[in-house]
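Overview (structure and organization)
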Number of protein chains: 2
Amino acid sequence: MSFIGFLFFIFAFVKEMIFSKTVEYAIRAMIFIAQKSKKGIKVGIKEIAKATDAPEYFIGKILQDLSRKGLVQSLKGPTGGFYLEEESSNCSLADIVKAIDGNKLFTGCGLGLKSCSEIKPCPIHNEFKKVREDIYNMLEDARIGEFSKKLEKKLTFLRRK
Amino acid sequence: MSFIGFLFFIFAFVKEMIFSKTVEYAIRAMIFIAQKSKKGIKVGIKEIAKATDAPEYFIGKILQDLSRKGLVQSLKGPTGGFYLEEESSNCSLADIVKAIDGNKLFTGCGLGLKSCSEIKPCPIHNEFKKVREDIYNMLEDARIGEFSKKLEKKLTFLRRK
DNA sequence: CCAATAAAAGACATAAAAGTCTTTTATTGG
DNA sequence: CCAATAAAAGACTTTTATGTCTTTTATTGG
Ligand code: FES
Ligand code: FES
């Protein structure tokens, strides 16, 4: 295979993840904001973008949306930025996914039938349903505020160099 | 909320599934072809599109691709169509996903870090890894040929009216 | 009040996914 | 051989996701 062909081969494998880019950036940003908020610090978009390795303007749009929906708080002007009130830092990753992409991930049919149905199930319904519920539980159990300690200790990361 | 607002509310919930449309159509089509192949019948694109409620030209493209990759067999001309050789009907859903979208779904980081890593894990690495493995096992255990009986008995469905 | 700051809002641009159509090639039965 | 058939190939369009830039609005400290 030629070198160019090899590159195509590699890029062919850069697709299809569970979450959209928007959701990925949103979760990383929210976890970062939560960490700073615990110290009473508000953070600006530039800092968030750097810390989470996300496109600056894009993460701005996403947070603007989450802000309208009340999942994150913000303040304009000098000393302004994004932060989380006590209640918001208890929000789950599932809440973020729902706010951005709705319930489809948690209720939709794995093979794309118009809806998931117990009565007229698709061939993988039972197995898929279980996985879907596992995903939901994982995201519902994960609260935005709970990641700070491990991040501080550098046991987990929001970006990779 | 206005009626228009309500419509937007509804449409906001039509996004973000685990599989791409391409993968969904591919799996439905492959299961259908397998069912017919057991009876020694080759099926054309029009019939596949109808039976699986997929866009005709699009499923054509998808099967063309899978055919090049050897996951499905085809024959041109009258009495031609798509069919599965014995070996192909033992192929797993994981094989189909891999052929179309690569390994990202099975190996990628849930929060979109450049790669998933045990050494520098993202905050949800452990939980996500488990879910990811469950998805892989579900798809690897499901063989294309094994769905025919339930489809015949109308216990499962490839389309919903 | 004012200048600086930072998010909100809205318009715009690009890339990728999804879907369609037309032409070509292979196969078949007569 | 020939006409009909059906997939392969390739070009194309549309839609959605992703990403960028510019202008407006709110807030602050001096
Ligand atoms: S019907 Fe397909 S997952 Fe339930
Ligand atoms: S590092 Fe994110 S899932 Fe492994």
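Refer to the preceding data block for the structure.
Residues take numbers from 1 onward in each chain, read along the sequence in its written order. Here chains are named by letter from A upward and ligands by number from 1 upward, in the order in which they appear as written. Only residues with pLDDT of at least 70 get local features here, since the model is predicted, and only at 80 or more are side-chain atom pairs given and counted; chain-wide, interface and lining totals rely on the full set of residues. Note: side-chain values were computed over all heavy atoms of the structure, leaving out hydrogens and water.

Let's talk about the side chain of Gln73(A)
All names here are of chain A. Numbering goes from the N terminus for both helices and strands, where a helix is a DSSP run of H or I of at least four residues and a strand is a run of E of at least two. With respect to the secondary-structure elements, glutamine 73 resides in strand β1 (residues 73-75). We call a residue buried when its accessible area falls under 20% of the maximum for its residue type, exposed when it is over 50%, and partly exposed in between, using a 1.4 Å probe and counting protein chains only. By relative accessible area, which is 12% here, glutamine 73 ends up buried. There is a polar contact of 2.9 Å between the side chain of glutamine 73 and the backbone nitrogen of glutamate 85. Polar contacts involving the side chain of glutamine 73 include one to the side chain of serine 88, which spans 3.1 Å. Polar contacts, as counted here, are pairs of nitrogen or oxygen atoms within 3.5 Å of one another; within protein the pair requires one atom able to donate a hydrogen and one able to accept it, and residues that are adjacent in sequence qualify only if both atoms are side-chain atoms.

A few points about the relation of the copies chain B and chain A
Copies overlap after least-squares fitting; the atoms used are the C-alpha atoms of residues with pLDDT of at least 70 in both. The operation relating chain B to chain A is a screw motion whose rotation component is 180°, with 0.0 Å of axial translation and a residual RMSD of 0.0 Å. Both chain copies can therefore be described as sitting about a two-fold axis. Taking C-alpha positions as reference, the residue of chain B nearest the rotation axis is Ile18(B), located at 2.5 Å. Contacts were defined at the residue level, with two residues in contact if any of their heavy atoms lie within 4.5 Å. Interface overlap between copies is the fraction of interface residues in one copy that are interface residues in the other; for chain B against chain A it reaches 100%, indicating a shared surface.

Details of the packing of aromatic side chains
Aromatic pairs are defined between Phe, Tyr and Trp rings, using the six-membered ring for Trp, whenever the two ring centres lie within 6.5 Å; interplanar angles under 30 degrees are classed as stacked, those over 60 as edge-to-face, and all others as tilted. Summed over all chains, the structure comprises six aromatic pairs over all chains. When the ring of Phe128(A) is compared with that of Phe19(B), the centres are 6.3 Å apart and the planes differ by 45°; the resulting orientation is tilted. Taken together, the residues span two chains, with Phe128(A) in helix α7 (residues 125-141) and Phe19(B) in the loop between α1 (3-11) and α2 (21-38). Of the two residues, Phe128(A) and Phe19(B), both sit in the buried class. Taking 5.7 Å as the distance between ring centres and 90° as the angle between the ring planes, the aromatic pair formed by Tyr25(B) and Phe58(B) counts as edge-to-face. Here the residue Tyr25(B) occupies a position in helix α2, and Phe58(B) occupies one in helix α4 (residues 56-68), the gap between them amounting to 33 residues. For Tyr25(B), a relative accessible area of 13% puts it in the buried group. The exposure class assigned to Phe58(B) is partly exposed, which follows from its relative accessible area of 36%. Its guanidinium or amino end placed over the ring of Tyr83(A), Lys42(A) lies 5.6 Å from that ring's centre, counting from NZ or CZ. It is Lys120(B) that lies over the ring of Phe157(A); its NZ or CZ is 4.8 Å from the centre. By definition here, charges over rings are those cases where NZ of Lys or CZ of Arg is within 6 Å of the ring centre and within 35 degrees of the ring normal.

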